[in-house]
Amino acid sequence: MNSKRRTRLWRQADSMMKMMACALTMTFCLAALSMAQAQSDWDEPFPPHRIADQIYYVGSKGLSTYLIATKEGHILINSSFERTLPLIRASVEKLGFKFTDVKILLASHAHNDHVEGHARLKELTGAQVFVMQGDDGVISTGGEGQYLYTMKWKPCKVDRVLKDGDKVSLGGVTLTAHLTPGHTRGCTTWTLRAKDAGKTNNVVIIGSPNVNPGYQMANNVDYPEIASDFARTFQTLKSLPCDIFLGAHGNYYRMEAKYEKLKSGAAGNPFVDPQGYRVYIADREKFYLETLNRQKKKRGTGYSRNSEHPGRQFAGFGVPPSGGRKRQ
Ligand SMILES: [Zn+2]
C-alpha cells in the first residue's frame, strides 16, 4: 500500500469515527432531552380546576393531585414529590381553600412521584395518612420493599391501613378504596359519586394499570404474583361503573385536552367520558397481555416499550432494564 492510499484510508476511518462520535453525542442529547421533558412535565404548574361537585385538580401538569373539599376539612389524593408541595399548596389556595384544612391524605400508589411528599404534608397539615395494605410498608419506611425500584424518601407514619373495599368518609363525602395491584402491591383505585349539573356521576380515579419498563410478568422472583395481580386489576377496573374518568397521571385521561374544553365553556362536562375510560382500560390490558405473552415465550428481561414514566431510568427512578430482574 502506497503512502497516499494509506493517508486516504486513514482519513476515511477518521471521518467515520467522527460521525460515530457525533451520533453518540446526539443519542445522549436525546436521552437528556427526554429526561428534561419528563421532569419539566412533573414540575410544571397547571391551572387548578373543578372537575365536578367538590372534586378539584390541584396537581402539576404531569402528576395528579386531587382535592375533595368538604365543610369538615379536605381529602387530598397524592402528595407527589416533596418539591411539588408548594405548587399543590398554591393551587389549593388559588381555589379559595386552606391547605392546613387537609385532614386525610390518600395515595394512588407507593411510587415516589406520588407519595414522596407525604411526610412533609403530614407535618404541615396534621393530616391522617390512610394507605392500602401492600403499599403501607413502603410509605412507612420511605421506599423499602418496592418491586424493582430502589429510591428512598422520608418515611411517613401510616395512621390507617386499608383493605379492598374499605370506605373513607369526611364531611358527607365517601370514597371507596379498590385494591388494583400489579403496578405496586397496594395500588389503589378510588371511586366516589359526584353531582354535576343535576346528575350524579360515578367517578373513578385509576391507581395505575401500567406495566413499567423492566417489569417482569413471567418468572418474577421478587413479585411472583405480579401477573395475576394485574389480571385481577383489569377485572376490577372493567367492573367499575364510570362516568368521570381520572387517574394518577393526567395523561391517562387526556387531562390537558379536557381542561382546554372546560376553559372554552363548551356544553357538558368534558371529564364525563365513559367511553374514554373503557378504551384506556382495554388498551392497557392489551399491552399487559402482549408483555406477558412475549415474556413467557422469551423469558426476557421484561423491558416494555411504553409506560407512564418515560425517561424514568435517566431521572433516577429505578434501574435500567438489564438490572430489572433483581432489585438492587
Ligand atoms: Zn408508578
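Remember, it's a predicted structure, so these values are computed and weren't measured experimentally.

Engineer: How should the overall build of the protein be read in this particular structure?
Structural biologist: The number of helices and strands found in the protein is eight helices and 12 strands. Across the 328 residues that make up the protein, the buried fraction comes to 44%. Within the protein, contacts between residues separated by at least 24 positions form 66% of all contacts whose residues are at least 6 apart in sequence.

Engineer: Honestly, the sheet that holds strand S10 (residues 188-196) in this entry has me stumped. Any pointers?
Structural biologist: Pairing between sheet strands relies on hydrogen bonds along the backbone, with the strands arranged either parallel or antiparallel. Strand order in this open sheet of five strands is S8-S9-S10-S11-S12, and the pairing throughout is mixed. Single-partner strands in this sheet number two, and they are strand S8 (167-170) and strand S12 (244-247). Each neighbouring strand pair of the sheet contributes to a mean axis angle of 25°, computed without reference to strand direction.

Engineer: Just to check I follow, could you spell out the pairing of strand S3 (residues 66-70) for this structure?
Structural biologist: The two faces of a sheet get side chains in turn, since along a regular strand they alternate between them. The element S3 is largely enclosed, with a buried count of four among its five residues. Pairing analysis gives three bridges linking strand S2 (residues 55-57) to S3, with the strands arranged antiparallel. Looking at the pairing, Tyr57 lines up with Tyr66 of S3. Examined bridge by bridge, S3 and strand S4 (residues 73-77) share five bridges and lie antiparallel to one another. Opposite Tyr66, over in S4, you have Ile77 as the bridge partner.

Engineer: Explain helix H2 (residues 85-94) to me, please; I cannot follow it from the model alone.
Structural biologist: Residues that lie three or four places apart on an α-helix share one face, since the helix turns once every 3.6 residues. Every buried residue belonging to H2 is among Leu87, Ile88, Ser91 and Val92, and all of these are buried. Down the axis, H2 shows its buried residues gathered within 135° of arc, on one side only. Exposed side chains of H2 directed beyond 90 degrees from the buried face belong to Pro86 and Lys94. Among the structural elements, S3 are those in contact with the buried residues of H2.

Engineer: I'm lost on the nonpolar core in this one. Help?
Structural biologist: It is characteristic of soluble globular proteins that their nonpolar side chains tend to be buried jointly. Tyr66, Val203, Ile244 and Leu246 are the most contacted members of the largest nonpolar core, which has 61 residues in total. With near-sequence residues (within four places) excluded, Val203 lies in contact with Ala52, Ile55, Thr191, Leu192, Arg193, Ala194, Ile244 and Leu246. Tyr149, Val211, Tyr215 and Ile226 belong to the second largest nonpolar core, which has nine residues in total.

Engineer: In this structure, what is going on with the environment of Gln295? I would like to understand it.
Structural biologist: Locating Gln295 in the fold gives a position in helix H8 (residues 274-298). Considered as a pair, Gln295 and Ala218 are 77 residues apart in the sequence and their alpha carbons are 6.0 Å apart.

Engineer: Help me out: how do you make sense of the sheet that holds strand S7 (residues 160-162) in this one?
Structural biologist: The mixed open sheet is built from seven strands, whose spatial order is S1-S2-S3-S4-S5-S6-S7. Edge positions in the open sheet fall to strand S1 (49-52) and S7, since each of these has one partner strand only. Across the sheet, the mean angle separating the axes of adjacent strands is 25° when strand polarity is ignored. As paired strands, S1 and S2 are joined by three bridges and run antiparallel to one another. Bridge pairing in S2 places His49 opposite Tyr57. Along the sheet, helix H4 (residues 118-125) contacts strand S5 (102-106) and strand S6 (128-132); its crossing angle with S5, the most-contacted strand, is approximately 170°.

Engineer: Would you take a moment to explain the confidence of the model for the protein for this structure?
Structural biologist: Atom-level detail of predicted coordinates should not be read off regions where pLDDT is low. Looking at the protein as a whole, the pLDDT averages 86, with 79% of positions reaching at least 70. Low pLDDT, under 50, characterises residues 24-37; the predicted model gives this stretch seven contacts beyond four residues in sequence or across chains.

Engineer: Which parts of the structure should I look at to understand the pairing of S12?
Structural biologist: Alternating positions in S12 separate into two faces, Ile244 and Leu246 on one and Phe245 and Gly247 on the other, with burial throughout. Pairing of strand S11 (residues 199-206) with S12 involves four bridges; the strand directions are parallel. If you follow Val203 over to S12, its bridge partner there is Ile244.

Engineer: What is the right way to read the environment of Ala90 from this model?
Structural biologist: Mapped onto the elements of the fold, Ala90 is located in helix H2. Exposure remark for Ala90: the 14 C-beta atoms within 10 Å place this residue in the partly exposed category. Through-space distance from the C-alpha of Ala90 to that of Gly59 is 10.0 Å; in sequence the pair is 31 residues apart.

The rules behind these values
- Residues numbered from 1 in each chain as written.
- Predicted model: local features only at pLDDT ≥ 70, side-chain atom pairs only at ≥ 80, totals over all residues.
- Helix = DSSP H or I, 4+ residues; strand = E, 2+ residues; numbered from the N terminus.
- Buried ≥ 20, exposed ≤ 12 C-beta atoms within 10 Å, placed from the backbone.
- Contact = placed C-beta atoms within 7 Å.
- Pairing = 2+ DSSP bridges.
- Axes fitted to C-alpha atoms, helices over the stretch in contact; angles between N-to-C directions.
- Arc of directions from axis to C-beta.
- Core = buried A, V, L, I, M, F, W, Y, C linked by C-beta atoms within 7 Å.
- pLDDT = per-residue confidence, 0-100.

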